[in-house]
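Chain by chain, the residues:
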Amino acid sequence: MTTNTSSPQTATGKVYLVGAGPGDPGLITLRGKYLLEHAEVVVYDYLANPKLLGYVPKNAQLIYAGKKGGGLHAFTQEGINRLLVDHAKQGRMVVRLKGGDPFIFGRGAEEIEELVAEGIDFEVVPGVTSATAAATYAGIPITHRGYTASVAFVTGHEDPTKKFSNISWEKLATGAGTIVIYMGIKTLPGITRKLIDHGRSPDTPVAVVRWASTPQQRSVVGTLATICDVVQQADIKPPALIIVGEVVKLRSTIDWFEKRPLFGRRIVVTRTREQASDLVAQLEEQGAEVLEYSTIHIEPVDDYRIVDAAIAEIGSYQWLLFTSINAVTHFFRRLFALGHDSRLLAGISIAVVGRATAEELRKYGIKPDLLPEKFTGEGLAEALLRTEVQGNRILLPRALRANEILPEMLADAGAQVTIAPVYRNVPPPGPKEELRDQLLEGSIDVLTFTSSSTVTNFLTLIDAANEEELHRLLDRVTIAAIGPITAETIREYGLSVDIQPERYTISDMVQAIVAHYRTAARQAG
Ligand code: SAH
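These figures come from a predicted structure and were not determined experimentally.

A. Layout of the overall build of the protein chain. Each helix and strand counted, the protein chain has 19 helices and 18 strands in total. Dimensions of the protein chain, computed from C-alpha atoms along their principal axes, come out at roughly 95 × 90 × 45 Å. Buried residues in the protein chain amount to 48% of all 525 residues. Of the contacts made within the protein chain by residues no fewer than 6 positions apart, 68% connect residues no fewer than 24 positions apart.

Rendered as structure tokens:
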């Protein structure tokens, strides 16, 4: 006989209130990230960085609950509470992702009260609140032995001039050394008035920081007397924090975030979807805002007959050439699919273009015999021509469509080259309009290209009707190319290359972009 202790089945889920941190997705806690990785439902806010949703399993349900911006699902607080309860009651693991810290002006407690009332299990994970982040990222220590020993977090949400306020401005004005005000941009005139009226010096320094810790961060500085004008002139809108106190003076020494070399620059990275981009990470490290466009989609070819035939008689080849990581990956995929392993290549000499390609090859236990100094197909051809290639059979697994310089140079020297397509580049349908708008309004600073096919596919993406339109779209933007072949392709479209590193590596390209702006800044005085 079976024992049945709980009938009917009432397994309920659990709700995790997770602080997303202030904006930079790197500022979420490890605990928060772990919970996102295990979520079945995520209810997220306007202020939580959408990049964090990348941690959520693909089959989880994502619900935008932003109370801001009037999106499709603009929930009321009651609506959000209901949502959490309903999903938990269906036995789901729910993450409620909130900007900053859930318990600092986040209405976290209200959501929990509802969960408690419904008997639903919950947990709370703190987050970096935007006040400390804004201060830190604006170069302002909110406490400092020499200036202040106390700090107050205040909401500016309620109108300070209304008759009965929940905030004792008269005590706060001189009672707290540093005052950090959330949600205070609209009520800033009333706030500064109150603080001055209740005895805080009009000369007290004030900073206002918008979108703290993100590439869009903007900060302005003034005094209690001037900050309203400063904010109005700079057109600072929410979300922003107001920091009042002598510590603001330290910004001139400590400011670090906005001083990074590429801060405030918006840079487009055109990359293949499959290749993790070092470029993005390195540009962000220098402070840039990176817009990633997956311009190339790598797909297998439909027809492997050429490569299969070559593999079947691999012993008759003297050289095997790889000019890209993708060529290596897709060649070996086919080799393995045919039931072979790397030992099949024991007797053949192997040459590659580029260190990254050589690295990839090492993953298959193979060290290239030839890695020319010049990281181009042409460089490889020149190096090969120094050996005796006449009459040699050379196998070149590569993209369906690619630059013909290498095989042509080798054929001219009397080699028998087999071009074996193992993958193809497919431009995906892209966010054309958004990109074109940004180019036209001049809000993109740099386009980066790491191969000829990224150029071709990027141009396919923006889809200019003719040369005139192409120039209208791209004339204001700075163009960076990783190496001479890529640069050549750009010029073939009648565009000019502004930045090109001496060595053809990602980090050299990033350094070249940094140097470009350093020079520009110097010239601007
Ligand atoms: N729970 C959140 C605060 C929510 S109240 C936290 O702990 O940070 C919303 C207010 O927070 C905004 O009006 C703004 O004043 C502030 N805020 C949130 N994120 C911000 C950011 N990245 N930069 C500046 N202010 C921010």
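Now that the structure has been shown, the text picks up again.
B. Seen up close, the site of the ligand. What surrounds the ligand is a group of 17 residues, the closest being I104, T129, S130, A212 and A240. Between the ligand and D101, the relevant distance is 2.8 Å, taken from an oxygen atom to a main-chain nitrogen or oxygen of the residue. With respect to the ligand, the side chain of T129 contributes an N or O atom lying 2.6 Å from an oxygen atom. For the ligand, whose accessible area on its own is 550 Å², the fraction buried by protein is 92%. A majority-of-atoms criterion places the ligand in the second largest pocket. Looking at the shell around the ligand residue by residue, the class counts come to 12 nonpolar, four polar and one charged.

C. Broad picture of the packing of aromatic side chains. Enumeration according to the criterion identifies 15 aromatic pairs in this entry. Each ring, one from F322 and one from F332, has its centre 6.2 Å from the other, and the planes form 25°; the classification is stacked. Highlighted residues: F322 in strand β13 (residues 319–322) and F332 in helix α11 (residues 325–337), separated in sequence by 10 residues. Look at F322 and you get buried, because its relative accessible area is 0%. Aromatic pair F332 and F336: ring centres 5.8 Å apart, planes at 50°, arrangement tilted. With F332 and F336 both in helix α11, this residue pair falls four residues apart, about one helical turn. Judged by its relative accessible area of 0%, F332 falls in the buried class. Grouped by ring-pair contacts, the aromatic residues F322, F331, F332, F336 and Y364 constitute a single cluster.

D. Quick peek at the pairing of strand β15 (residues 393–399). Taken across its seven residues, β15 has six buried, putting it largely inside the fold. In the sheet, β13 pairs with β15 via two bridges, with the strands oriented parallel. Directly across from L320, in β15, lies its bridge partner L395. Bridge count for β15 against strand β16 (residues 416–426) is seven bridges, and the pairing is parallel. Opposite P397, over in β16, you have A420 as the bridge partner. On the question of chirality, the crossover connecting β15 to the parallel β16 by way of helix α14 (residues 405–412) is right-handed.

About the cut-offs
- Residues numbered from 1 in each chain as written.
- Predicted model: local features only at pLDDT ≥ 70, side-chain atom pairs only at ≥ 80, totals over all residues.
- Heavy atoms only, no water.
- Helix = DSSP H or I, 4+ residues; strand = E, 2+ residues; numbered from the N terminus.
- Buried < 20%, exposed > 50% of the residue type's maximum accessible area, 1.4 Å probe, protein only.
- Contact = heavy atoms within 4.5 Å.
- Near = heavy atom within 4 Å.
- Polar contact = N/O pair within 3.5 Å; in protein donor to acceptor, adjacent residues only side chain to side chain.
- Areas by Shrake-Rupley, 256 points an atom, 1.4 Å probe, with all protein chains shown as cover.
- 1 Å grid on protein atoms, 1.4 Å probe; cavity = no way out; pocket = protein on both sides within 12 Å on 5 of 7 lines; lining within 4 Å.
- Sits in = over half its atoms within 2 Å of the grid points.
- Nonpolar A, V, L, I, M, F, W, Y, C, P; charged D, E, K, R; others polar.
- Phe/Tyr/Trp six-rings, centres within 6.5 Å; stacked < 30°, edge-to-face > 60°.
- Pairing = 2+ DSSP bridges.
- Right-handed = clockwise from strand over helix to strand, strands pointing away.

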